[in-house]
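Remarks on the overall topology
Residues per chain, in single letters:
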Amino acid sequence: MSSQPPTPLLYAEYTRKIHRYLLLRTGDGELAADLTQECFARLLAHSRRATIERPLPYLYTLAGRLLTDHRRRHETWRTDTLAPEQWDDLLDDRDRPDLLYESRRRMDAVAAALERLPQRSRRVFELCRIEGHTHGEAARVLRLSTSSIQKHLALAMRYILDQTRADE
């Protein structure tokens, strides 16, 4: 004698959970309903051959597999689904003159702001942000304390940020 409840009771108990699971993954109510029905049809067929000890995990696994199978059969990559203006978004932005110009303008603004910084703050910025040294390494190079390096770096970054925002 089987210890599992009959399939109609399982259907009544779990149909909403399986349908919701599939609906969240497909966004399509009809497809989710169809796949839910298929899950329970397969559960019924399998339960005639063997006892399913944990029907809910079995149903979730089955639903995921049915969804994967459905997607493999029905979803194809089509290039005509993109509008012509969407093709432009796929291009490499590095080759666009307008972006190159804007990038160069921002770099020039940062370089000009760096030139206006006091020498010590500029050197701290160069060591830490451009050359990649740690605060401790910069402190040893410039013979300053780590806290002085942090203060100069904060001053430099704030100044550069303020100057480049003013240029916009």
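A brief report on the enclosed structure follows. (Residues numbered from 1 in each chain as written. Predicted model: local features only at pLDDT ≥ 70, side-chain atom pairs only at ≥ 80, totals over all residues. Heavy atoms only, no water.)

So, on to the overall build of the protein. Scanning the protein for helices and strands turns up 8 helices and 0 strands. Going residue by residue from the N terminus, the α and β elements of the protein occur as α-α-α-α-α-α-α-α. Here the analysis covers contacts within the protein between residues at least 6 apart in sequence; of these, 56% occur between residues at least 24 apart. (Helix = DSSP H or I, 4+ residues; strand = E, 2+ residues; numbered from the N terminus. Contact = heavy atoms within 4.5 Å.)

By the element assignment, threonine 15 lies in helix 1 (residues 7–26). Setting aside anything within four residues of it in sequence, one finds threonine 15 in contact with Leu10, Thr36 and Phe40.

Between helix 2 (residues 29–49) and helix 3 (residues 55–74), whose axes approach to 9 Å, the crossing angle comes to 125 degrees. On the basis of their axis angle, the class for helix 2 and helix 3 is oblique. Read as a crossing pair, helix 2 and helix 3 show a hand that is right-handed. Together, Leu31, Leu35, Glu38, Cys39, Phe40, Arg42, Leu43 and His46 of helix 2 and Tyr58, Leu59, Leu62, Ala63, Leu66, Leu67 and His70 of helix 3 make up the contact between the two elements. Of the residues contributing to the contact of helix 2 with helix 3, the split by class is 11 nonpolar, 2 polar and 2 charged. (Axes fitted to C-alpha atoms, helices over the stretch in contact; angles between N-to-C directions. Parallel < 35°, antiparallel > 145°, perpendicular 65-115°, else oblique. Left-handed = near helix turned anticlockwise from the far one by under 90°. Nonpolar A, V, L, I, M, F, W, Y, C, P; charged D, E, K, R; others polar.)

Okay, the packing of aromatic side chains next. All chains considered together, the criterion is met by 1 aromatic pair. A centroid spacing of 5.1 Å and a plane angle of 70 degrees characterise the contact between tyrosine 21 and tyrosine 60, whose relative ring orientation is edge-to-face. With a gap of 39 residues between them, tyrosine 21 in helix 1 and tyrosine 60 in helix 3 connect regions that are remote in the sequence. (Phe/Tyr/Trp six-rings, centres within 6.5 Å; stacked < 30°, edge-to-face > 60°.)

Before going further, it helps to spend a moment on the pattern of salt bridges. This structure, assessed with the given rule, holds 6 salt bridges. The partner of aspartate 108 in a salt bridge is arginine 104, with the nearest N and O atoms 3.8 Å apart. Remark: arginine 104 and aspartate 108 occur in helix 5 (residues 97–116); sequence separation between them is 4 residues, near one turn of the helix. For aspartate 108, a relative accessible area of 43% gives the class partly exposed. Look at arginine 104 and you get exposed, because its relative accessible area is 54%. (Salt bridge = Lys/Arg side-chain N within 4 Å of Asp/Glu carboxyl O. Buried < 20%, exposed > 50% of the residue type's maximum accessible area, 1.4 Å probe, protein only.)

Its location among the elements puts arginine 122 in helix 6 (residues 119–130). Look at arginine 122 and you get buried, because its relative accessible area is 17%. If we ignore the near neighbours within four places in the chain, the residues touching arginine 122 are Leu114, Glu115 and Leu117.

This part takes up unusual backbone geometry. Positioned with a positive phi, arginine 143 is a non-glycine residue whose angle comes to about 55 degrees. Taking relative accessible area as the criterion, arginine 143 reaches 79% and is therefore assigned exposed.

Among the structural elements, aspartate 28 can be located in the loop between helix 1 and helix 2. Separated by 3.3 Å, the side chain of aspartate 28 and the backbone nitrogen of leucine 31 make a polar contact. (Polar contact = N/O pair within 3.5 Å; in protein donor to acceptor, adjacent residues only side chain to side chain.)

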